[in-house]
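# Survey of secondary and tertiary structure
Here are the chains, one letter per residue:
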Amino acid sequence: MEANVVNIKKENVGTVELKDSIFNTEVKEHTVWEVVKWQLASRRAGTASTKTRAEVRGSRRKILPQKGTGNARHGDRKANIFVGGGVAHGPHPRDYYYALPKKVRKKALKGVLSMKLKDGELTIIEDFTFEQPKTKQAIDVLKNFGLEQSKVLLVLSKKDNNVIKSFRNLPKAKVLLVEGLNTYDILNADHVLITKSAVEKINERLG
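Residues numbered from 1 in each chain as written. Predicted model: local features only at pLDDT ≥ 70, side-chain atom pairs only at ≥ 80, totals over all residues. Heavy atoms only, no water.

### Concerning the overall build of the protein chain
Using the following cut-off: Numbering of helices and strands runs from the N terminus, with a helix taken as a DSSP run of H or I at least four residues long and a strand as a DSSP run of E at least two residues long. Only C-alpha atoms enter the radius of gyration; for comparison, a globular chain is expected to reach 2.2 Å times N to the power 0.38, where N is the number of residues. Every residue pair with non-hydrogen atoms within 4.5 Å of one another is taken to be in contact. Each accessible area is a Shrake-Rupley estimate made with a 1.4 Å probe; only the visible protein chains count as cover when residues are assessed.
Helices and strands together make up the secondary structure of the protein chain, namely 7 helices and 6 strands. Reading the protein chain from its N terminus to its C terminus gives the helix and strand order β-β-α-α-α-β-α-β-α-β-α-β-α. Its C-alpha atoms give the protein chain a radius of gyration of 27 Å, clearly above 17 Å, the size a compact globule of 207 residues would have. Seen through its C-alpha atoms, the protein chain measures out along the principal axes to roughly 90 × 40 × 25 Å. Considering only contacts within the protein chain whose residues lie at least 6 apart along the sequence, 69% involve residues at least 24 apart. About 13,000 Å² of surface is accessible on the protein chain, with carbon and sulfur atoms providing 49% of the total.

Below you can see the structure in the form of structure tokens.
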């Protein structure tokens with residue numbers, strides 16, 4: 001299938017070939033959910049930590065006599081029922097990562113790309129660059145597409161510091177290279193802008 005290519009002023013400048021196996025596929029909602037869950041789990045720091053009663057600093061002296069006072073038969077003050085005591089079954093540092101088949105991840109990525117294209121939320125843009133990093137130029141590009149208030153994902157084929165730095169200051173804009181393209185960031189964006197050379201790389205990588 002063919003798709004139009006526009007320049008940064010949103011003027012048609014040609015077409016590009018899109019592989020049906022990538023940009024015209026359907027995917028189960030559950031597959032996408034599974035991939036997003038896996039991605040978010042991989043991003044978790046897993047640094048939450050609490051101390052058990054064995055790790056809390058303090059005296060191990062029994063706070064009351066065992067018999068005769070009418071009070072509970074408490075041990076030391078480090079028990080989890082006391083303020084400043086240990087925490088029972090609290091979180092400890094851990095790695096939330098788990099394996100997910102590459103085939104499943106690829107399938108979900110193709111599915112969300114197809115969905116964005118079908119919904120008119122994916123535009124293929126001619127390769128461009130800026131002479132120097134300037135946020136105003138990035139804003140002008142988004143204004144031409146009516147996306148200045150939208151969450152935008154820009155996908156490049158190779159690292160361009162001037163473009164990356166120009167979009168970096170915009171809170172709703174994100175720039176990714178083809179190698180870093182993923183299901184979550186595509187779904188999270190209101191609109192996806194992909195450069196022509198990046199589309200060719202995607203055809204090669206996922207085809």
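More follows now that the structure is in view.
### Some words on the nonpolar core
To keep things clear, this is the line we draw: Among the buried residues, those of types Ala, Val, Leu, Ile, Met, Phe, Trp, Tyr and Cys that are joined through side-chain atoms within 4.5 Å form a nonpolar core. Throughout, exposure labels follow a simple rule: accessible area from a 1.4 Å probe, protein chains only, divided by the maximum for the residue type, with under 20% read as buried, over 50% as exposed, and the rest as partly exposed.
Ranked by size, the top nonpolar core spans 30 residues in total, and within it Leu113, Ile194 and Ile202 carry the most contacts. Those elements giving two or more residues to this core turn out to be β1 (2–6), α1 (20–23), α2 (29–43), α3 (102–118), β3 (122–125), β4 (152–156), β6 (191–195) and α7 (196–206). When sequence neighbours within four positions are dropped, the list of residues in contact with Leu113 reads Ile22, Phe23, Leu122, Leu181, Ile186, Ile194, Ile202 and Leu206. Core analysis: the second largest hydrophobic core is formed by 17 residues, Phe128, Phe145, Leu156 and Leu170 among them.

### Examining the sheet that holds strand β2 (residues 12–17)
Selection rule: Two strands are counted as paired when DSSP detects at least two bridges linking them. Between N-to-C directions, angles cover 0 to 180 degrees, with each direction set by a line fitted to C-alpha atoms, over the stretch in contact for helices.
Spatially, 6 strands are ordered β2-β1-β3-β6-β4-β5 in an open sheet, and the strand pairing comes out mixed. Looking at which strands have only one partner, the edges of the open sheet turn out to be β2 and β5 (173–177). Taking the axes of each pair of neighbouring strands and ignoring which way they run, one obtains an average angle of 30° across the sheet. Pairing of β4 with β6 involves 4 bridges; the strand directions are parallel.

### Quick look at the packing of α3 against α7
The condition is simple: Handedness of a crossing follows from how the near helix is turned relative to the far one, being left-handed for an anticlockwise turn of less than a right angle and right-handed for a clockwise one. Any residue outside Ala, Val, Leu, Ile, Met, Phe, Trp, Tyr, Cys, Pro, Asp, Glu, Lys and Arg is labelled polar, Gly included; the first ten of those are nonpolar and the last four are charged.
For the pair α3 and α7, the least separation of the axes is 12 Å and the interaxial angle reads 145°. The interaxial crossing formed by α3 with α7 has left-handed handedness. On α7, the residues touching Lys106, Leu109, Lys110 and Leu113 of α3 are Ile202, Arg205 and Leu206. Tallied by class, the residues present in the contact of α3 with α7 amount to 4 nonpolar, no polar and 3 charged.

### Some remarks on the environment of Lys78
By secondary structure assignment, the location of Lys78 is in the loop between α2 and α3. In sequence terms Lys78 and Pro171 are 93 residues apart; their C-alpha atoms lie 46 Å from each other. Setting aside chain neighbours within four positions, we find Lys78 in contact with Arg53, Val56, Arg57, Gly58, Ser59, Arg60, Gly85 and Gly86.

### Structural notes on helix α4 (residues 135–144)
The criterion, for reference: Along the arc lie the directions from the helix axis toward the C-beta atoms.
Within the span of α4, buried status applies to Ala138, Val141 and Leu142. Buried residues of α4, seen end-on, are gathered within an arc of 95° and therefore sit on one face of the element. In this structure, the buried side of α4 is in contact with β4, α5 (161–168) and β6. Downstream of α4 by one or two residues, Gly146 has phi in the positive range, about 65°.

### Things to note about the pattern of salt bridges
Put simply, the test is: Between Lys or Arg on one side and Asp or Glu on the other, a salt bridge is scored when a side-chain nitrogen of the former is within 4 Å of a carboxyl oxygen of the latter.
Within the structure shown, the criterion is met by 7 salt bridges. As a salt-bridge pair, Asp185 and Arg43 come within 3.6 Å of each other at their nearest N and O atoms. Separated by 142 residues along the polypeptide, Asp185 in helix α6 (residues 183–188) and Arg43 in helix α2 bring together distant segments of the chain. Between Lys201 and Glu179 there is a salt bridge whose closest N-O contact spans 3.4 Å. Of the two residues, Lys201 is situated in helix α7 and Glu179 in the loop between β5 and α6; the sequence distance between them amounts to 22 residues. For Lys201, a relative accessible area of 33% corresponds to the partly exposed category. A relative accessible area of 52% means that Glu179 is categorised as exposed.

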